[in-house]
Amino acid sequence: MKYIYPLILILFLSAFSQADEALVQFEQANYLYRNGDFKNAAILYEKIVHNGYHNSELYYNLGNTYFKLDETGKAILYYERAKKIYPNDEDINFNLKIANLKVVDKIEAIPQLFFIEWWYSASKAFSSDTWAIFTLTTIWLGIILLLLFRISKSPFTRRAFFFGGIFIVAIAGFSLIFSIQQNKSEKSESMAIVFSPSVTVKSSPDEAGTDLFLLHEGVKVEMVDKVGNWFKIKLVDGKIGWLPEKDVEVI
Amino acid sequence: MDFRLQIGDFRLGFLWVLILITISFSFAVAQDGSFAASVDRNRVVMGERIEITFSLNGSGKNFQPPDFKDFLVLSGPNQSTSMQIINGAISQSISYSYILQPRSEGKFTIGTASIEFGGKKLQSNSITIEIAKGVQQPKQQPSQSQEDASISKQIGDNLFIRVSVDKSSIYQGEQITATYKLYTRVNITNYGVSKVPSFTGFWNQEIDLPKNPQFGNEVLNGIQYRVATLKRTALFAQQNGTLEIDPMEADFVVQVQTKRRGGDVFDQFFNDPFFGNVRNVEYKAKSNNIKIHVRPLPPNSPPRFSGAVGKFSSEFWLDKNETKSNEPVTLKVKISGRGNLKLIQPLKINFPNDLEVYEPKISDNISQGTNIISGSRTFEYLLIPRRQGNQKISSFSFAYFDPDKKEYVSITSPDFNINVTKGTEIVSAPVAGLSKEEIKLLGQDIRFIKSGTTSFKKQGESFFGSLGFFILLLSPMFLFVGFISYIRHYEKISGDVVRLKSRKATKIAKRRLVHAEKFLSQKKREEFYSAISQALWGYVGDKLGIPLSDLSQDSIKTTLTSRKVNDASIEKLINTINHCEFARFAPSSGSHEMEMIYKNTIELITSIEEELR
């Protein structure tokens, strides 16, 4: 009985486009989640992803579902994917923090220079598309102000329009750089999550290499290089080693 | 350690002694149908007597004694029969004894005797007897010390310790058993071990013996001895080469009888312990040395070999294949067989990193048997899986050297798989060191899912970098450029161009008259007119490109006319210049006039500037 509502919705909307279908599936999966049927919710969410659609909310909800199913590795993977789209979403960051509490390995990040950190946190404030829209808005505004400066006659308004325009165009420039940077990090596939319950990181890309350290499910690693089926990974604390491709999932 | 025991007091009746001897002989011939010869001693001095006994366990007939050609038979055959009932079974034994006296000195062999038993003819062993040259009995009694020496020698022949080993050539690590036996034909009243062998080069393990030595009978070189095992040790050579087994030393108190003087029959009869004419003599006995040749193990030892030598079998098992994380599993390795079990080290096993492994618990179950150490050694590994997943323990092996086959043997375990499912997490509570009470978190959970209307995007699609984005980004710049050029064009075609130019001309005039303005405000008359005049001359000169030397009213007039400046302006310029020249030195005219001149000059320059364009 409890599936009646989403079923009707599906029938009703099945004639619509695929994106609308994804929306229906999303609603249905949310419904399943609310009723505690995490297993089927996960299947349905995954189906949307499989069909080639995505957005931050979908990944976030999928992360939640896997968290409830006690699959920490997958939960973290999807939170990270959600975060890639909306880096500054409070809910995503909160849940990711909770999920990370279940990760065994505690890795201390090397602190970065404060202005580099500011720069990156500024670029992570919005998604690349948001930055893009912001860039367009400011550049239009800046150009209009500069035109007003050109045609205005009173010295005060001329001055105000001139400096205002320059300032806003400068903002647009920064916003464009942030947008490029954010887009690059969104498109990059250099980060991965360890998926196996535990994996031994080797000193060289083969089984015979010396065991360097042990990583457990849910740890985020940066992939620096690839040789055959082996990834060279780097941890946030600077440790470097090799692990098999099958043990990680690219974010 | 000094364990002492009392050998039974032999001060028994004369007859009792005979009976006991008879019984002991019947023990000597342990099995039915064994026929053996024994002598009371095999080294005698001329003139001494030998007693030889042929005994058969069972009843025989047609006893054929050997030919005693080298001896004089003093008495015999003396036949005695005994019957025994042990656990309800009757056994009979028969013995024939002779008293012999050697005829000459030398080494003689007493041949075999024969008897018929159960239809078969049995033959006894032959015995070699050495007869030494008779010592001329001195007339005087020997001194006490001489007597002691002779007693000591006499005891030495009849009381000694012998060590024997079951093998004399072994592999390193192979077991041999050394047995220390006491052989005696005298009455021992007391004894104690004074030096225990140290077995240098061996790892040894004592084999337990009954607390009180059990005496039995044994024939050695044809002489029957009462024999007790003092010590039995299992030895495992730790190094190769020739190793020596240390002797054992023991102190004995031996009862000997002293001879009476004289030789009458009465004395002879009473020359007997029963009648108390005995002495206790201390005697030190030392066992022989034995050399053992130890061969090294063959060089092609397998990598897992850790020194086990013997014959072993092995069992490996896990107590369970399924567990939860943090719940322990036990892996047992049992090695059983015979050999140097106690020297076996825990096997090298490659455990997965996610298993917490504790030092193995070693339990031994070793039995000594009569002379072979055998049993089992069990290693129990306690394993605690910390993560879920399949934990695989790859196969490992136990290798040993089999000295019988002279080769290495490996026993390999199967692979073990432990399927670990998720168990309870052990979470250690963080220690809060704050004086203020923190908000008590009743539980920690993730935030709820997001719902409501969202829009989905095809993966890989983004607004940034799309064609629309670039159009919107670049279009304002083109628009800006276009708009600016449009404004320019508009301004050009509209009349505003003149106004703009006049403003510029005025600017130029004002710049020229900067000094004049300054002098005007200071009311410096002479300097003011001079500045005006200079400004005008300078302006015209610069503007018309006339060098300073050629400047004159006429040259200005002609040039300006040729440049189509109207005559009124030219006239006004010439007038102003003249007026300035004049006014410089004229006493009258106030500041009002000066202002007028200044204003006129500006207008003049402006108008010429516009006309010249």
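Please read these numbers as outputs of a predicted model, since none were measured by experiment.

Examining the overall build of chain A
Here comes step 1: The number of helices and strands found in chain A is 9 helices and 8 strands.
Here comes step 2: Scored against the burial criterion, the 251 residues of chain A give a buried share of 42%.
Here comes step 3: Once local pairs closer than 6 in sequence are excluded, the contacts in chain A between residues at least 24 apart make up 56%.
Here comes step 4: Accessible surface, chain A: about 13,100 Å² in total, of which carbon and sulfur atoms supply 64%.

Here we look at the interface of chain B and chain A
Here comes step 1: Opposite the 38 residues of chain B that make contact, chain A presents 59 residues.
Here comes step 2: Between chain B and chain A, roughly 4,500 Å² of surface is buried when both sides are summed, and carbon and sulfur atoms account for 63% of that area.
Here comes step 3: Three residues stand out in chain B for area buried against chain A, namely Arg447, Lys450 and Phe456 of chain B, and they jointly supply 19% of the buried area on that side.
Here comes step 4: Run the count over chain B and chain A and you get 3 salt bridges.
Here comes step 5: Between lysine 450 of chain B and aspartate 89 of chain A there is a salt bridge, and its shortest N-O distance comes to 2.6 Å.
Here comes step 6: Put simply, chain B and chain A have 11 residue pairs in polar contact (both at pLDDT 80 or more) between them.
Here comes step 7: Residue contributions to the side of chain B that touches chain A peak at 13 residues, all from helix H4 (residues 467-493) of chain B.
Here comes step 8: With 2 bridges connecting them, strand S1 (residues 53-54) of chain A and strand S32 (residues 457-458) of chain B associate as antiparallel partners. Directly across from histidine 54 of chain A, in S32 of chain B, lies its bridge partner lysine 457 of chain B.

Observations concerning a nonpolar patch on the surface
Here comes step 1: Where nonpolar side chains cluster on the molecular surface, the patch consists of Ile144, Leu148 and Ile151 of chain A together with Phe483, Tyr486 and Tyr490 of chain B and spans about 570 Å² of accessible area.
Here comes step 2: Sorting the residues of the nonpolar patch by element identifies helix H8 (128-151) of chain A together with H4 of chain B as the ones contributing at least two each.
Here comes step 3: Inspection of the secondary structure assignment puts leucine 148 of chain A in helix H8.

Regarding the sheet that holds strand S9 (residues 120-123) of chain B
Residues and elements named next belong to chain B.
Here comes step 1: The sheet built from 3 strands is open, its strands ordered S4-S8-S9 with antiparallel pairing. One side of each edge strand has no neighbouring strand; the edge strands of this open sheet are strand S4 (61-64) and S9. Averaged over all pairs of adjacent strands, the angle between their axes in this sheet comes to 25°, without regard to strand direction.
Here comes step 2: Sheet topology note: the S4/strand S8 (residues 114-117) ladder contains 2 bridges and is antiparallel. Along S8, the bridge assignment pairs glutamine 64 with serine 114.

Let's talk about the pattern of salt bridges
Here comes step 1: Under the criterion given, the structure shown has 22 salt bridges over all chains.
Here comes step 2: Arginine 447 of chain B is paired through a salt bridge with glutamate 90 of chain A; the nearest N and O atoms lie 3.5 Å apart. Within this pair, whereas arginine 447 of chain B is found in the loop between strand S31 (416-421) and S32, its partner glutamate 90 of chain A is found in helix H6 (residues 90-101), the two belonging to separate chains.
Here comes step 3: With a shortest N-O distance of 3.0 Å, aspartate 251 of chain B and lysine 284 of chain B are connected by a salt bridge. Taken together, the residues aspartate 251 of chain B in strand S19 (residues 249-257) and lysine 284 of chain B in strand S20 (residues 278-286) connect sequence positions 33 residues apart.
Here comes step 4: Under the relative-accessibility criterion, aspartate 251 of chain B is labelled partly exposed at 32%.
Here comes step 5: Shared partners join several salt bridges into a network, and the residues in it are Lys311, Arg338, Asp402 and Asp404 of chain B.

Brief notes about the side chain of asparagine 340 of chain B
All names here are of chain B.
Here comes step 1: The topology assignment puts asparagine 340 in the loop between strand S24 (329-339) and strand S25 (355-357).
Here comes step 2: When its relative accessible area of 2% is taken as the criterion, asparagine 340 is described as buried.
Here comes step 3: From its side chain, asparagine 340 meets the backbone oxygen of glycine 307 in a polar contact 3.3 Å long.
Here comes step 4: A polar contact is formed between the side chain of asparagine 340 and the backbone nitrogen of valine 309, at a distance of 3.0 Å.
Here comes step 5: The contact partners of asparagine 340, leaving out residues within four places of it in the chain, are Gly173, Phe236, Gly307, Ala308, Val309 and Phe312.

Quick look at the packing of aromatic side chains
Here comes step 1: The final tally for this structure, using the stated rule, is 38 aromatic pairs over all chains.
Here comes step 2: Their ring planes at 50° and their centres at 4.9 Å tell us that phenylalanine 149 of chain A and phenylalanine 162 of chain A sit as a pair that is tilted. One end of the pair, phenylalanine 149 of chain A, is in helix H8; the other, phenylalanine 162 of chain A, is in helix H9 (residues 155-187), and 13 residues separate them in sequence.
Here comes step 3: The class of phenylalanine 162 of chain A is partly exposed, set by a relative accessible area of 30%.
Here comes step 4: Ring centres of phenylalanine 528 of chain B and tyrosine 529 of chain B lie 5.2 Å apart, and the angle between their planes is 70°; on these two criteria the pair is classed as edge-to-face. Comparing phenylalanine 528 of chain B with tyrosine 529 of chain B, the two get one shared label, buried.

Cut-offs applied
Residues numbered from 1 in each chain as written. Chains lettered and ligands numbered in written order. Predicted model: local features only at pLDDT ≥ 70, side-chain atom pairs only at ≥ 80, totals over all residues. Heavy atoms only, no water. Helix = DSSP H or I, 4+ residues; strand = E, 2+ residues; numbered from the N terminus. Buried < 20%, exposed > 50% of the residue type's maximum accessible area, 1.4 Å probe, protein only. Contact = heavy atoms within 4.5 Å. Areas by Shrake-Rupley, 256 points an atom, 1.4 Å probe, with all protein chains shown as cover. Buried area = accessible area lost by both parts, 1.4 Å probe. Salt bridge = Lys/Arg side-chain N within 4 Å of Asp/Glu carboxyl O. Polar contact = N/O pair within 3.5 Å; in protein donor to acceptor, adjacent residues only side chain to side chain. Pairing = 2+ DSSP bridges. Patch = residues over 30% accessible without salt bridge, like charges linked within 9 Å, V, L, I, M, F, W, Y side chains within 5 Å. Axes fitted to C-alpha atoms, helices over the stretch in contact; angles between N-to-C directions. Phe/Tyr/Trp six-rings, centres within 6.5 Å; stacked < 30°, edge-to-face > 60°.

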